[in-house]
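These are the residues of each chain, in order.
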Amino acid sequence: MRDVEIQKKSHLTIYVDADACPVKTEVQQVCEPYDVDIKFVAAYTNTTDRYPGVTWIWVEPGRDSADFYILNHVRKGDIVITEDLGLAAGCLAKHAHVITSRGKEIKDSEIDQFLETRHLHAKARRSGRYEKGPKKIKMIDKSAFMKTLKKILSKIEGF
């Protein structure tokens, strides 16, 4: 049994919905001591070489291309970093961990409420309310993200 657990741990993958992810550097920093594969998934129009040591997966530009790639490849126990609640719901259905860039771990028991809130906000935007986008991410948000990611990795890896 222990050999199976070790084998599973060494195949842990972290998928980052990377097109607009503000915590790419933090992902690398937190994951350095762990045996995990990091995959940044982004449209090929956003190519960069700023993040060595991670695997970049380039997909067609399009609203959901990165999401579909992640959904098709994520496995039970993997970690997904995204702000997209639709992607989060699909990943939770596959028993993956989901974290937002602000450090909120989205749990299966909460996803229905999050999706309902997303729906209500979309209706409000269509009716002319809420013209602003999401608030700019702050250092305190990045710290919360790093703490949450480290907590999940520590739990999975047994540290």
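Residues numbered from 1 in each chain as written. Predicted model: local features only at pLDDT ≥ 70, side-chain atom pairs only at ≥ 80, totals over all residues. Heavy atoms only, no water.

Let's talk about the sheet that holds strand E2 (residues 37-43)
- Spatial ordering of the open sheet is given by E3-E2-E1-E4-E5-E6, a layout of six strands whose pairing is mixed. If you trace the sheet from one side to the other, it starts and ends with strand E3 (55-59) and strand E6 (105-106), each paired once.
- Both strand E1 (residues 13-17) and strand E4 (residues 79-81) contribute to a ladder of three bridges, which runs parallel. Within E4, the residue paired with Val16 across the bridge is Ile81.
- On top of the sheet, helix H2 (residues 24-31) reaches E1, E2, E3 and E4; it is set at about 170 degrees to E2, its chief contact. (Pairing = 2+ DSSP bridges. Helix = DSSP H or I, 4+ residues; strand = E, 2+ residues; numbered from the N terminus. Contact = heavy atoms within 4.5 Å. Axes fitted to C-alpha atoms, helices over the stretch in contact; angles between N-to-C directions.)

Remarks on the environment of Ile137
- Among the secondary structure elements, Ile137 is positioned in the loop between helix H5 (111-126) and helix H6 (139-157).
- Residue classification places Ile137 among the buried residues on the basis of a relative accessible area of 18%.
- Note: C-alpha distance between Ile137 and Arg102 (35 residues apart in sequence) is 7.3 Å.
- Not counting the four nearest positions on each side in its chain, Ile137 is found in contact with Pro22, Val23, Ser101, Arg102 and Lys142. (Buried < 20%, exposed > 50% of the residue type's maximum accessible area, 1.4 Å probe, protein only.)

Examining the packing of H2 against H6
- Where H2 contacts H6, the axes come no closer than 10 Å and their chain directions differ by 35 degrees. Of the two possible hands of crossing, H2 and H6 adopt the one that is right-handed. Residue-level inspection shows Glu26, Val27, Gln29, Val30 and Cys31 of H2 in contact with H6, the latter providing Lys142, Phe145, Met146, Leu149, Lys150 and Leu153.
- Looking at the contact of H2 with H6, its residues break down into seven nonpolar, one polar and three charged. (Left-handed = near helix turned anticlockwise from the far one by under 90°. Nonpolar A, V, L, I, M, F, W, Y, C, P; charged D, E, K, R; others polar.)

Remarks on H2
- Along H2, the residues classified as buried are Lys24, Glu26, Val27, Val30 and Cys31. Here the buried residues of H2 occupy an arc of 160 degrees about the axis, which is enough to place them on one side.
- Buried residues in H2 make contact with E1, E2, E3, E4 and H6. (Arc of directions from axis to C-beta.)

Looking at the side chain of Thr82
- Counting through the fold element by element, Thr82 comes out in the loop between E4 and helix H4 (85-93).
- Residue classification places Thr82 among the buried residues on the basis of a relative accessible area of 3%.
- There is a polar contact of 2.9 Å between the side chain of Thr82 and the side chain of Asp17. (Polar contact = N/O pair within 3.5 Å; in protein donor to acceptor, adjacent residues only side chain to side chain.)

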